[in-house]
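# Summary of the model geometry
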Amino acid sequence: MADPILSSARLAKAFGGLVVCDGVELGVYPGEIHALIGPNGAGKTTLLNLITGLLTPDAGTLVFRGRDITNMSVPARARLGMARSFQVSSLFPSFTVRENIELAVQACQGSSYAFWRRPDRDAAITGPANQLLQRVGLGELAQRKAGEIGHGEQRQLEIGMALASRPALLVLDEPMAGLGPASARAMAHLIQQLQGNMAILLVEHDMDAVFALADRISVLVQGRIIATGKGREIRENEMVQEAYLGTQCSL
Amino acid sequence: MLVLEQILNGLQLGVMLFLMSAGLTLVFGIMQVVNLAHGSFYMIGAYVAATVAMKTGSFFLGLAAALPAAALAGMAVEMLILRRLYRRDHLDQVLATFGLIFFFNEATRMIWGRQPLFMDVPELLAGSVQILPGVQYPVYRLAIIVVGILVAVFLYLLFSRTRLGMQIRAGATNREMIGALGVNIRLLYTLIFGLGTLLAGLAGVMAGPILAVESGMGESILILTFVVIVIGGIGSVRGALIGAILVGLVDTLARAFLPDLFRLLLDSASAADRMGAALASMSVYVFMALVLALRPAGLFPVSR
Amino acid sequence: MKAFVSMRPRLLLSVAGVCLLVVLPRLLELTGQEYLLSLATRALIYSLAAASLNLILGYGGMVSLGHAAFMGIGAYTVAILAHHSYESTPVLAFLPFLQGTEQALIVWPLAMLLSALFALLTGLIALRTRGMHFIMITLAFAQMLFFLFTSLDTYGGSDGMSLYGRNTLPGIDLGNDTLLYYFCLTVLVLFLFFMQRLVRSRFGRVLEASRENEIRVQVLGLAPFGFKLTSYCLAGAAAGLAGALLANQGEFVSPGMLHWTRSGEIMVMVILGGMARLTGPVIGAFVLLFLEEYLAMFTEHWMILLGPFLIVVVLFARGGIHSLLFDRLPGGRRAQHNG
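Not measured: the values here are computed from a predicted model.

So, about the overall build of chain C. A count of helices and strands for chain C gives 13 helices and four strands. Within the span of chain C, comprising 339 residues, buried residues form 51% of the whole. Considering only contacts in chain C between residues 6 or more positions apart, those separated by 24 or more positions represent 77%.

As structure tokens, this is what we get:
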């Protein structure tokens, strides 16, 4: 198998006396959809924050595309090819949907220290922006302010912005959060279409989606990855059943 | 010894700054409100004390009147105006409290006129005392330092031994939680604010005999108070104490000795005086910049 | 096409405003109120200062309470260089070739440069903080300069210093009040035009985005710090120019120009006029200065009204006068504030 695009070794993080990540060993391979599941409070969001750089680990290392990114800043990681969507939509509410996407495109294209030309008249930005709007199905709402569109559309915009940089690794934090069944299916469809183009690290509670989409699954319990493997292996793993599936939900 | 005298002066300034900043840092840290009008309560304390002292001839009656006045004024402002600003962004708070400054400054000018008032040092504390062989120091200023120590001890006991203090400390780290535990947040906030303004008023009263009591007197000490809070760490009373002492010492010692130091270094006496005086007045801010360069959140930041 | 149509009412109003300002001196002459020309010129200069604050405050979200410091640096640059020019002494004893000068083409760029430098140095420290810290630190740095200038007795100390004349500009006699007015108007319009391009450029978008959601900007791959610092320096330079113009207009400088209450007044101008809109600060500056002038005629205690008025505006009317005028018109992006 090729080298992992993202790997962590002995990644640890504690807040005061509370140990949230306790030596996490994770590996994500190019082109795969890798799901991260675990009971609430297992440390999933903290782990994502460590991976994307919003938190610095107390110990351990992170390697992304062959580079040690353990102490790299958030923007530097993004420029290296990591993109993220948030569990609670993190957009620019007073910008229009189009402007949100344009900014995401702008961020990975040339210098933003340009004081004169307008990005909305620049084909290098508007072209890809339009494509992205179509891809996530927000073409109709392009002129609405991002803070005024519905929750489902905001989730779509989140994804759209993450895709703008054509990332090598896409980190999705509960993309289906708060979506109704139809929207969730549409979101799952969208994610599935991305498969193969990029590696995707997906945190999700919706078990149907997880087992349908993921190539491999890692289970995080109390700050440790207790199992990694394909869907069926995980389902049949006793430790996982006991720690998670047995108490939470049945499959 | 000149140095000892200046150190004591520095401590005395530090005490005043501590009184101003202790309450304010709590307001910043717990209620997350930028209150530019804090200096106004310092001024109210001074004015009330001066007026009562002039009428009755007693400094201590003035003090007794000023403290409740400052506390009540503070609580009134909190209930009428500040309360509505807790959820607003800082810009709104800056502007509204700015408006309060205008109002209070102008009100004092309307009531008391533009001429500064003067307060006499109380008989009891007049004169100097010999603290070391050959070194005299004004009793009044020593009294201020003593008051500062007492207030620090009082606050320490308040925070560590009483329920109210515990609630305040809890509120500093987790606002929502104490509400959930049934503490009356509104009342708590009003009391905290009142405590802060009471201390500011106390500082104003004590400053009365030393400085002139006039409209706008609060602003000059307010900026130094901000510097203390930034250095000490927002929300930390301990930081306010350490910061206040440091700022008091740095400012006093710099003003006292920098001009002389420059005279030693430079030939031209007038140039030395100029540079020395200029740098002395800037010393506190340079100190602040240094602290911030090393610790952007201050010396004792309160983590939420 | 839709954007142009929706923009038109606001554009028309702005053009009308400029026209009004162009004919104002004539109007004042006709109504026998020439004495108001100097007030109007000051209003133009403060409009420039307020507009520069609007860049970092309205668009960038940085609540800086030290903006008057930049004006002070610009003003004192003019004054110090003029003083040494008049006295024929070098500015710094150990640099004899650094003579004073009254030539605007040297002094004003220098004023802007020095203000920008101060912005850079203080910004490097202050912009690593935010919220309450940032407000208080900008305040402190401005006060530091206030004390510095107060202690410089050679240049007037706390009483300030008069200038013997205005700076010289080839071809334009700035000593003529009407010409100075039009010059300041030109500078203001040019700056507003520059600002308009700036806020709609790539840079401007990142600046506004950083105000709304800094983490998101970082996750997209951009570091907000550099954008904030750059805009802080630009605003500082513009305010420095305003300060230089102010020193020329009144032919007087004093440390009071740097007092934090001045910074507060400039901020009030921005708010009164509505933020994140280009012409708001101009409206705010004119309203505040003319209000001060007229209210002072009624009572010397007019300030007691300003305080509660400000409080009421803050508590109830967001967006300021500008939004009262322009909000009903479509188009434009409104500055959002988090609760």
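This part covers the overall build of chain B. Across its full length, chain B carries 11 helices and two strands. Sequence-ordered secondary structure for chain B, helices as α and strands as β, is α-α-α-α-β-β-α-α-α-α-α-α-α. Over its C-alpha atoms chain B spans a radius of gyration of 20 Å, differing by no more than 12% from the 19 Å that the globule rule assigns to 304 residues. Across its three principal directions, the C-alpha atoms of chain B cover 65 × 50 × 40 Å. Per-residue burial for chain B yields a buried fraction of 51% across its 304 residues. Summarising the internal contacts of chain B: among those between residues at least 6 apart in sequence, 75% fall at separations of at least 24.

Let us look at the packing of helix H10 (residues 260–273) of chain C against helix H11 (residues 280–298) of chain C. Residue and element names in this part refer to chain C. Axis separation between H10 and H11 bottoms out at 7 Å; the angle between their running directions is 115 degrees. Regarding H10 and H11, the two cross each other, and that crossing is right-handed. Only Gly280, Pro281, Val282, Ile283, Gly284, Ala285, Val287 and Leu288 of H11 make contact with H10, whose side of the interface consists of Glu265, Val268, Met269, Val270, Ile271, Leu272 and Gly273. Class assignment of the residues belonging to the contact of H10 with H11 gives a composition of 11 nonpolar, three polar and one charged.

Take the sheet that holds strand S8 (residues 199–203) of chain A next. Residues and elements named next belong to chain A. Across the sheet, six strands lie side by side as S6-S7-S8-S3-S9-S10; this open sheet has mixed pairing. Lying at the two open borders of the sheet, with one neighbouring strand each, are strand S6 (82–85) and strand S10 (224–229). This sheet shows a mean twist of 20 degrees between the axes of neighbouring strands, independent of strand direction. Examined bridge by bridge, strand S3 (residues 33–37) and strand S9 (residues 216–221) share four bridges and lie parallel to one another. Following the sheet pairing, Ala35 is matched in S9 by Ile217. Relative to the sheet, helix H1 (residues 44–52) contacts S3, S6, strand S7 (169–173), S8 and S9, its axis offset from that of S7 by approximately 150 degrees. Relative to S6, helix H5 (residues 151–163) is tilted by about 175 degrees, and along the sheet it contacts S6 and S7.

Attention now goes to the interface of chain C and chain B. The interface is formed by 41 residues belonging to chain C together with 40 residues belonging to chain B. Sorting the residues of the side of chain C that touches chain B by element identifies helix H5 (131–151), H10 and helix H12 (303–316) of chain C as the ones contributing at least two each.

On to the interface of chain A and chain C. Across the contact, 26 residues belong to chain A and 22 residues belong to chain C. Contributions of two or more residues to the side of chain A that touches chain C are made by helix H2 (74–80) and helix H3 (97–107) of chain A. Taken together, the residues that form the side of chain A that touches chain C break down as 16 nonpolar, six polar and four charged.

What follows is about the arrangement of the chains. The interface with the most contacts, out of two pairs of chains in contact, is the one formed by chains B and C. No interface is formed between chain A and chain B, the nearest pair of C-alpha atoms being 10 Å apart.

Attention now goes to the pairing of strand S1 (residues 6–15) of chain A. All names here are of chain A. Two elements, S1 and strand S4 (residues 59–64), share five bridges in a ladder whose sense is antiparallel. Bridging from a neighbouring strand, Ala12 pairs with Ala59 of S4. Where S1 meets strand S2 (residues 18–28), eight bridges bridge the pair, whose relative direction is antiparallel. By the bridge assignment, Ser7 is partnered in S2 with Gly27.

Further remarks concern the sheet that holds S2 of chain A. Within a sheet, neighbouring strands are paired by backbone hydrogen bonds and run either parallel or antiparallel to one another. All names here are of chain A. Taken together, four strands build an open sheet; the order of strands is S2-S1-S4-S5 and the sheet is antiparallel. Each edge of the open sheet is held by one strand with a lone partner, namely S2 and strand S5 (67–68). Taken strand by strand, H1 contacts S1, S2 and S4, and its axis lies near 60 degrees from that of S2.

In this structure, Arg166 of chain A is a non-glycine residue whose phi angle is positive, near 45 degrees. Looking at the element boundaries, Arg166 of chain A is found in the loop between H5 and S7.

What follows is about helix H6 (residues 177–200) of chain C. End to end, H6 of chain C covers 35 Å across 24 residues, agreeing with the expected 34 Å (1.5 Å per residue, within 8%). Listing the buried residues of H6 of chain C in full gives Leu180, Tyr181, Cys184, Leu188, Phe191, Met195 and Val199 of chain C.

This part covers the nonpolar core. One finds Ala49 and Val227 of chain B together with Ala140 of chain C to be the most contacted residues of the largest nonpolar core, which totals 280 residues. Both domain 1 (1–81 + 168–251) and domain 2 (91–166) of chain A contribute no fewer than three residues apiece to this core. When residues no more than four places from it in sequence are discounted, the contact partners of Val227 of chain B are Val247, Val284, Tyr285 and Met288 of chain B together with Ala140 of chain C.

Residue and element names in this part refer to chain A. Most of S3 is tucked away: five of the five residues are buried. Alternating positions in S3 separate into two faces, Ile33, Ala35 and Ile37 on one and His34 and Leu36 on the other, with burial throughout. As defined by bridge partners, S3 adjoins S8 across four bridges and the pair is classed as parallel. By the bridge assignment for S8, Leu36 is matched with Val203.

All names here are of chain C. With respect to the helices and strands, Ile73 occurs in helix H3 (residues 67–87). On the basis of neighbour count, Ile73 is assigned to the buried category, with 28 C-beta atoms found within 10 Å. The contact partners of Ile73, leaving out residues within four places of it in the chain, are Ala111, Leu114, Ser115, Phe118, Gly240 and Gly243.

Another aspect to go through is the confidence of the model for chain C. All names here are of chain C. On average, residues of chain C score 85 in pLDDT, and 88% of them reach the 70 mark or higher. Within chain C, no element has a lower average pLDDT than helix H13 (residues 320–326), which sits at 53, and none a higher one than helix H9 (residues 224–250), at 96. Between residues 328–339, whose pLDDT stays under 50, and residues either more than four places distant or in other chains, the model counts 21 contacts. If you check the scores for this complex, the pTM reads 0.89 and the ipTM reads 0.90.

All names here are of chain A. With 14 residues, helix H6 (residues 181–194) should reach 20 Å at 1.5 Å per residue; the first-to-last C-alpha distance of 20 Å fits that figure. Of the positions making up H6, those classed as buried are Ala184, Met187, Ala188 and Ile191. Here the buried residues of H6 occupy an arc of 100 degrees about the axis, which is enough to place them on one side. Pointing more than 90 degrees away from the buried face of H6 are the exposed residues Ala182, His189 and Gln193. As for H6, its buried residues are in contact with H5, S8 and helix H7 (207–213). Of the residues trailing H6, Gly196 is marked for its positive phi of about 95 degrees.

The subject of this paragraph is the packing of helix H2 (residues 36–59) of chain C against H10 of chain C. For any two helices packed against each other, the geometry comes down to the angle between their axes and how far apart the axes lie. All names here are of chain C. Across the interface, H2 lies against H10 with an axial gap of 9 Å and an inter-helix angle of 75 degrees. When the axis of H2 is compared with that of H10, the two are roughly perpendicular. Contacts between H2 and H10 involve Tyr46, Ala49, Ala50, Leu53, Asn54, Leu57 and Gly58 from the former and Ile266, Met267, Met269 and Val270 from the latter. The residue inventory of the contact of H2 with H10, partitioned by class, reads nine nonpolar, two polar and no charged.

On to the environment of Gln12 of chain B, then. Tracing the backbone through its elements, the reader meets Gln12 of chain B in helix H1 (residues 2–31). Exposure remark for Gln12 of chain B: the 24 C-beta atoms within 10 Å place this residue in the buried category.

What counts as what
- Residues numbered from 1 in each chain as written.
- Chains lettered and ligands numbered in written order.
- Predicted model: local features only at pLDDT ≥ 70, side-chain atom pairs only at ≥ 80, totals over all residues.
- Helix = DSSP H or I, 4+ residues; strand = E, 2+ residues; numbered from the N terminus.
- Buried ≥ 20, exposed ≤ 12 C-beta atoms within 10 Å, placed from the backbone.
- Contact = placed C-beta atoms within 7 Å.
- Rg over C-alpha atoms; globule rule 2.2 N^0.38 Å.
- Axes fitted to C-alpha atoms, helices over the stretch in contact; angles between N-to-C directions.
- Left-handed = near helix turned anticlockwise from the far one by under 90°.
- Nonpolar A, V, L, I, M, F, W, Y, C, P; charged D, E, K, R; others polar.
- Pairing = 2+ DSSP bridges.
- Expected span 1.5 Å × (residues − 1).
- Core = buried A, V, L, I, M, F, W, Y, C linked by C-beta atoms within 7 Å.
- Domains from an automatic or database assignment.
- pLDDT = per-residue confidence, 0-100.
- Arc of directions from axis to C-beta.
- Parallel < 35°, antiparallel > 145°, perpendicular 65-115°, else oblique.

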